[in-house]
Amino acid sequence: MGTSLPLPKYHQIYLVLREQLQEGRYDHDGVPGEHALADQFGVARITIRKAMEMLVTDGLVSRRPGRGTRVIRPAAGAQALPPDDAHKAHLTGLLENIVNMGLRTAVQVLDSERVGATPAVARELEIQAGAAVHKSLRVRSTDAGPLSYITTYVPCSVADFSRADLEHQPLLMLLESAGVEFGVATQTISARLADAQVARHLDVAVGSALLAVTRLVRDVHDRPVQLLQGLYRPDRYQYQLQLSRVGSIDAKVWVSEELSAQFH
């Protein structure tokens, strides 16, 4: 697969690595060395070095001769800004749409295991770092081919399910069967670049633009019950909002009435 984009290769790699660092991908095992990254991206070590220099400038990693690359985490007690209530979407309609998509697509479970929550995941789920969570990696496909690459985290204290369960039912239905009563969800949609692993599973080129969806689902008691990080092919997935104008003539604003997702 080709990797050509308007951006220089070192900048493409910088963007991919930055996103992985922010997800906590290297919290446990550390950042791979220049040789490994050069092999992964199919570039020269000097290209990797330039990308790493940009990460150092961002304050995301530190580098010392003979000691490799170390991930820099926020100081203890530092917390991400709370999500704006305006970004919270009631789950009526949204979850129905997600479940319907799960029932109408084929799923391949790549991984399903209990792991200790990384600091980044723990902050989102409001649990202790290292607490047991059920992590799953899944690829969903339609007749046209792969649609999404999804990573989910569910606290083991919330629900217990198996890999076989995931292969036969959408995760939200499994949570509901475990007694979870859904409340609200906070969802963020942005853009991401495909790294080598994701590109292989979605059948796209490394560095291809993808839709990135991060969704935190809470129950009726405001307890986080699921963290989802999904990457979608934009040529096979669309997310739509139906908007209406409200307010006085002098101060009309757009508000969402309905959430829907379309895929093909």
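Everything here concerns the structure above.
Residues numbered from 1 in each chain as written. Predicted model: local features only at pLDDT ≥ 70, side-chain atom pairs only at ≥ 80, totals over all residues. Heavy atoms only, no water.

### Comments concerning the overall build of the chain
Phase 1 of the analysis: Along the backbone of the chain there are eight helices and eleven strands.
Phase 2 of the analysis: Taken across its 264 residues, the chain has 43% of its residues classed as buried.
Phase 3 of the analysis: Accessible area of the chain: about 14300 Å², with a carbon and sulfur share of 50%. (Helix = DSSP H or I, 4+ residues; strand = E, 2+ residues; numbered from the N terminus. Buried < 20%, exposed > 50% of the residue type's maximum accessible area, 1.4 Å probe, protein only. Areas by Shrake-Rupley, 256 points an atom, 1.4 Å probe, with all protein chains shown as cover.)

### Focus: the pairing of strand S9 (residues 224-232)
Phase 1 of the analysis: Burial within S9 is extensive, with eight of its nine residues counted as buried.
Phase 2 of the analysis: In this structure, strand S6 (residues 145-155) lies alongside S9, joined through six bridges in antiparallel fashion. Counted as the bridge partner of Tyr153 is Leu227 from S9.
Phase 3 of the analysis: Strand direction decides the pairing type here: strand S8 (residues 209-219) and S9, joined by eight bridges, are antiparallel. Note that in S9 the partner of Leu211 across the bridge is Tyr232.
Phase 4 of the analysis: The hairpin turn running from S8 into S9, its antiparallel successor, is four residues long, and Asp222 in that turn takes a positive phi close to 70°. (Pairing = 2+ DSSP bridges.)

### A short note on the environment of Ala194
Phase 1 of the analysis: Along the chain, Ala194 turns up in the loop between strand S7 (182-193) and helix H8 (196-202).
Phase 2 of the analysis: Taking the C-alpha atoms as reference points, Ala194 and Ala205, separated by eleven residues in sequence, lie 7.4 Å from one another.
Phase 3 of the analysis: Those residues in contact with Ala194 that lie beyond four places of it in its chain are Val16, Ala199, Val204, Ala205, Val206, Gly207, Ser208 and Leu210. (Contact = heavy atoms within 4.5 Å.)

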